[in-house]
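# Analysis of the macromolecular model
The lines below spell out each chain.
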Amino acid sequence: FKSCPCFSILVTALVLLISGCQSKKEKAPIQENSAERPNIVIIYADDLGYGELGAYGATELDTPNLDKLANGGMRFTHGYASSATCTPSRYALLTGTYPWRNKSAKILPGTAPLIIDTTQMTLPRMLREKGYKTGIVGKWHLGLGSGNVDWNQRIAPGPNEVGFEQSYIMAATQDRVPTVYIQNGKVVKLDPSDPIEVDYDTNFPGEPTGKDNPELLKMKWHHGHNNSIVNGIPRIGFMKGGESAKWIDEDMADTFLAEAQKYVAANKSEPFFLYYALQQPHVPRTPNPRFVGASGMGPRGDVIVEADWVVGEFIKTLESEGLLDNTLIVFTSDNGPVINDGYYDDAVEKLGDHKPAGPLRGGKYSLFEAGTRVPFITYWKGNITPGVSDAMVSQLDLLTSLANLVGSDKKGQDSEDLLDEFLGNSKKGRDHIVLEATSRTAFRQGDWAMIPPYKGPAVNTSVNIELGNDKTYQLYNLKDDIGQRKNLAESHPLKLKEMNSAYKEIRGE
Ligand code: NG6
Ligand code: CA
């Protein structure tokens, strides 16, 4: 056989094949190099529920641009925010640390100090170390300053002290004062002769409030939200002065979009990271007049259509700058949906057949699935093969996974490397996750969700959401019972015991 000429031909062919492979391998780093440092954009919605997008089953709302992302990328069906409210989820996203490890990670007033330690590893800091430009546009809500902020001076520490080179933010939420944009620590368009004062306990003498001056309101408050009036909308907290700096709510989407587009144009020659934190559909829901009536569902639906539009416009910008093939986009939401979150805005009345949480139980503030399971999409044209992934992934995991992507060895304390999952190359995902909602926690492992007993009302009647509180343990098999209707705690004592001990170990109880 050895003397057979076909053998030497075979050997030659093999050698050629192997060397061919090798030379391909050797060339790979150059190719990988450009792919290794794509631009990274995280688009973060505020209070957008699991069932809110066409790609996630919504039939009553049109979200063509987000559907395009979802259908052209990896659409996760088990993607989690770390918390059922905003601040803790944002803390976890940026630090890769469970929010319940930080006692300050709860819904913050507009005057709260920064809750991220300025020496802590963060997603933008990790990327900056790797040569990325880093920027944030939109909602911050992680505190500013170190207590007693003077809004008329440079405000620090803030985003620029935890890794962002550029920032254009609102301090807290759209319903909280101060209702001004802050760019790199300075209030935008502030007139020094009309200084801003902010107080969350007492009003300033002579200033109208939602409570005392209903005649000045264009939007009425339902619960909370009856302090200072800005732009005809009553807010949480008291504010005086800063007239020229006050935002116009109806222009907020356009303002943030323009800033996001500017950031891309200014930083396109180097790899950049942009954290684009949308304000929709959080209250007060104030669509630009172009979108009023767009959904037939009142302002809440209209601002979702508006959010879809800004995402479309932003992607057009990436496209026209020639950056779309080299940009990894992550789209997700900070917590689940709420219909009435404190204003009379027709959200309840005009909801119709729309199911903001899809098939999930609960909503914002809840330990049930709808509190934290949210739309979660990764999109990278030409690099992520479109598909659907049932892998359990969390926003916590972005820090360590993106570190892997850019060749950094930095890790978040609770952040797993799920880069393969995010790029659609693996469907394994997490084994378990601890979920948080207003300082309570629950545990998800495999197909199972466990909620420990909690005192407190079963339902928050102001917002009409089931919170997950019960006197006894709750155990659900999400595979058979996605709506968490059948409590199996009694019938599956071993499963409950096993999960409870894993949960307690992680919680350090
Ligand atoms: C609550 C507000 C709610 C919303 C939420 C924060 C009241 C009665 N309710 O306290 O309207 O602002 O805080 O939402 O004030 S989050 O998405 O930023 O967590
Ligand atoms: Ca939120």
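Residues numbered from 1 in each chain as written. Chains lettered and ligands numbered in written order. Predicted model: local features only at pLDDT ≥ 70, side-chain atom pairs only at ≥ 80, totals over all residues.

## Observations concerning the sheet that holds strand β22 (residues 474-477)
- Pairing within the open sheet is antiparallel, and its 4 strands lie in the order β17-β18-β19-β22. At either margin of the open sheet sits one strand with a lone partner, and together these are β17 (432-437) and β22. Going from strand to strand, the sheet's axes swing by 20° on average, the running direction of each strand aside.
- In this sheet, strand β19 (residues 448-451) lies alongside strand β18 (residues 440-445) in antiparallel orientation, the contact comprising 3 bridges. (Pairing = 2+ DSSP bridges. Helix = DSSP H or I, 4+ residues; strand = E, 2+ residues; numbered from the N terminus. Axes fitted to C-alpha atoms, helices over the stretch in contact; angles between N-to-C directions.)

## Re the UniProt feature "domain: Sulfatase N-terminal" (unreviewed entry) in the chain
- The residues that UniProt annotates with the feature "domain: Sulfatase N-terminal" (unreviewed entry) are residues 38-407.
- Between the C-alpha atoms that bound residues 38-407 the distance is 12 Å, and the span itself is 20% helix and 19% strand. (UniProt positions renumbered as here; feature names shortened; annotations may be inferred.)

## Quick word on the site of ligand 1
- With respect to spatial proximity, 17 residues lie near ligand 1, and among them Thr85, Cys86, Gly224, Asp341 and Gly342 are the closest.
- Partitioning the shell around ligand 1 into residue classes produces 4 nonpolar, 9 polar and 4 charged. (Near = placed C-beta within 6 Å. Nonpolar A, V, L, I, M, F, W, Y, C, P; charged D, E, K, R; others polar.)

## Section: the sheet that holds strand β16 (residues 387-394)
- If you walk across this open sheet you meet the 10 strands as β6-β5-β4-β3-β12-β1-β13-β15-β2-β16, and the pairing is mixed. Every other strand in the sheet has two partners, leaving β6 (186-187) and β16 as the edge strands with one partner each.
- Inspection of the sheet shows strand β2 (residues 74-80) paired to strand β15 (residues 376-379) by 3 bridges, in the antiparallel sense. Paired with Arg75 across the strands is Ile377, a residue of β15.

## As for the packing of helix α5 (residues 252-267) against helix α6 (residues 299-320)
- At their nearest, the axes of α5 and α6 sit 10 Å apart, and the two run at 15° to each other. The orientation of α5 relative to α6 falls into the category roughly parallel. Along this stretch, α5 crosses α6, giving a crossing that reads as right-handed. Along its contact with α5, which presents Ala253, Leu257, Ala260, Gln261 and Val264, the element α6 presents Glu306, Val310, Glu313, Phe314, Thr317 and Leu318.
- Among the residues forming the contact of α5 with α6, the class breakdown is 7 nonpolar, 2 polar and 2 charged. (Parallel < 35°, antiparallel > 145°, perpendicular 65-115°, else oblique. Left-handed = near helix turned anticlockwise from the far one by under 90°. Contact = placed C-beta atoms within 7 Å.)

## Topic: the confidence of the model for the chain
- Summarising the model, the chain shows a mean pLDDT of 94, and 93% of its residues fall at 70 or more.
- Counted against residues more than four places away or in other chains, residues 15-33, with its pLDDT under 50, gives 0 contacts.
- In the model output, the complex is listed with pTM 0.93 alongside ipTM 0.99. (pLDDT = per-residue confidence, 0-100.)

## With respect to helix α7 (residues 398-406)
- A large share of α7 lies buried, amounting to 7 of its 9 residues.
- Turning to α7, its buried residues number three or more, namely Leu398, Leu399, Thr400, Ser401, Leu402, Ala403 and Leu405.
- Backbone geometry just downstream of α7 places Gly407 in the positive-phi region, at approximately 80°. (Buried ≥ 20, exposed ≤ 12 C-beta atoms within 10 Å, placed from the backbone.)

## Let's talk about the environment of Leu496
- Tracing the backbone shows Leu496 in helix α9 (residues 493-507).
- Since 18 C-beta atoms lie within 10 Å of it, Leu496 is described here as partly exposed.
- In sequence terms Leu496 and Ser333 are 163 residues apart; their C-alpha atoms lie 30 Å from each other.

## Overview of the pairing of strand β1 (residues 39-45)
- Extensive coverage of β1 is indicated by the burial of 7 of its 7 residues.
- Side chains of β1 alternate between two faces, with Asn39, Val41, Ile43 and Ala45 and Ile40, Ile42 and Tyr44 buried alike.
- In this structure, β1 lies alongside strand β13 (residues 327-333), joined through 7 bridges in parallel fashion. Bridge pairing links Ile42 to Val330 in β13.
- Taken together, the 5 bridges between β1 and strand β12 (residues 272-277) define a ladder with parallel strand orientation. Across the sheet, Ile40 pairs through a bridge with Phe273, a residue of β12.

## Describing unusual backbone geometry
- Cis geometry marks the peptide bond from Val177 to Pro178; its omega dihedral reads 0°.
- Take Pro178: it is sitting in the loop between β4 (166-170) and β5 (181-183).
- Even without being glycine, Asp346 reaches a positive phi, approximately 70°.
- For Asp346, the location among the structural elements is in the loop between β14 (343-344) and β15.
- One non-glycine residue, Thr438, lies in positive phi territory at about 35°.

## Details of the nonpolar core
- Ranked by internal contacts, the top residues of the largest apolar core, which has 131 residues, are Ile43, Ala260, Leu274, Tyr276, Leu278 and Ile329.
- At 10 residues, the largest contribution of residues to this core is made by α6.
- Discounting residues that sit within four places of it in the chain, Leu274 has contacts with Val41, Gly135, Val137, Ala260, Tyr263 and Val264.
- The next biggest cluster of nonpolar side chains, apart from the first, holds 7 residues, and it includes Met219, Ile233, Val283 and Tyr343. (Core = buried A, V, L, I, M, F, W, Y, C linked by C-beta atoms within 7 Å.)

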